[in-house]
Amino acid sequence: MGGLFAWRKVQAVGITPDATEGPFYPLPAMRYPDSDNDLVKIAGMVKDAGGEIINLKGRVLRQDGDPVVGARVEIWQCDVTGHYLHTSDYDPVDADPAFQGFGHDITDGQGNYSFRTIKPVPYGWRTPHIHVKVIADQKELLTTQFYIKGHPQNPRDRIFRRMSAPQREAVEMTFAKVAGVATSTVHIIV
């Protein structure tokens, strides 16, 4: 984020709601050596992952609006076929070998994070979502999930339904085209 916004202290509205980590958090041994913030391109692969490429960005802030500097923000999600990068995902569908499945970014001096990934897709009973974990000073601050605002499967998803309207709003992704790429900004309040 640039301009004046990057220099002003932001007054946070409320903390980002916790959500389940789920069964498919990829342990370090399951991850690609390339686990950066670009989940669409794996080092050494010729092709990009399938699916609609998006940018996901935001800031990690404390409740008083101060940025959380140097936090590790992790995301993981299923690929375009609905398959997770996890040894316990026994879905018979072939996984997309070009999708990284897991990535991380370190927040900068203003608490900014960013990812290049794919727009999440539904699988099984779950609405499209991206898992998010924030770690700072070797302590897990938050595990949550981001959802596509207005997706028709949201009301049927039991995890999404458990949240109040303000909690849902805090973890919903809306997209706008930025330099031709669908981009969503979601701030994380811890």
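Residues numbered from 1 in each chain as written. Predicted model: local features only at pLDDT ≥ 70, side-chain atom pairs only at ≥ 80, totals over all residues. Heavy atoms only, no water.

(A) Main features of the pattern of salt bridges. Per the counting criterion, the structure on display carries 8 salt bridges. Ionic pairing is found between Asp-38 and Arg-116, a salt bridge with its closest N-O pair at 3.0 Å. Taken together, the residues span a long stretch of sequence, with Asp-38 in the segment before β1 (53–61) and Arg-116 in strand β4 (residues 112–118) at a distance of 78 residues. Note that Asp-48 is salt-bridged to Arg-116, the shortest N-O span being 3.7 Å. With Asp-48 in the segment before β1 and Arg-116 in strand β4, this pair connects stretches of sequence that are 68 residues apart. Several salt bridges share partner residues, and in doing so they unite Asp-38, Lys-41, Asp-48 and Arg-116 into one network. (Salt bridge = Lys/Arg side-chain N within 4 Å of Asp/Glu carboxyl O. Helix = DSSP H or I, 4+ residues; strand = E, 2+ residues; numbered from the N terminus.)

(B) A look at the packing of aromatic side chains. With the rule as written, the count across this model stands at 6 aromatic pairs. Taken together, a centroid distance of 6.3 Å and an interplanar angle of 80° make the contact between Tyr-25 and Phe-102 edge-to-face. On the criterion of sequence distance, the pair formed by Tyr-25 in the segment before β1 and Phe-102 in strand β3 (residues 102–106) is long-range, its members being 77 residues apart. Taking the relative accessible area as the measure of exposure, Tyr-25 reaches 14% and is therefore buried. Members of the aromatic cluster, joined through ring pairs, are Phe-24, Tyr-84 and Tyr-123. Geometry around Phe-102 places Arg-31 over its ring, the cationic atom sitting 3.9 Å from the centre. Sitting over the ring of Tyr-25, Lys-133 keeps its end group 4.7 Å from the ring centre. (Phe/Tyr/Trp six-rings, centres within 6.5 Å; stacked < 30°, edge-to-face > 60°. Buried < 20%, exposed > 50% of the residue type's maximum accessible area, 1.4 Å probe, protein only. Lys NZ or Arg CZ within 6 Å of the ring centre and 35° of its normal.)

(C) Focus on the sheet that holds β3. Pairing within the open sheet is mixed, and its 5 strands lie in the order β3-β2-β5-β6-β7. At either end of the open sheet lies a strand with only one pairing partner, and these are β3 and β7 (172–173). Bridging between strand β2 (residues 72–76) and β3 involves 5 bridges; their strand directions are antiparallel. The residue of β3 that forms the bridge with Ile-75 is Gly-103. (Pairing = 2+ DSSP bridges.)

(D) Focus on the pairing of strand β5 (residues 129–136). With 7 of 8 residues buried, β5 lies mostly within the body of the structure. Pairing of β2 with β5, which is carried by 5 bridges, proceeds in the antiparallel orientation. Across the sheet, the residue bridging to Trp-76 is His-131, located in β5. By the bridge criterion, 8 bridges tie β5 to strand β6 (residues 139–148) in an arrangement that is antiparallel. The residue of β6 that forms the bridge with Ile-130 is Phe-146. Hairpin connection, β5 to β6: the antiparallel pair is bridged by 2 residues, and Asp-137 has positive phi, about 50°.

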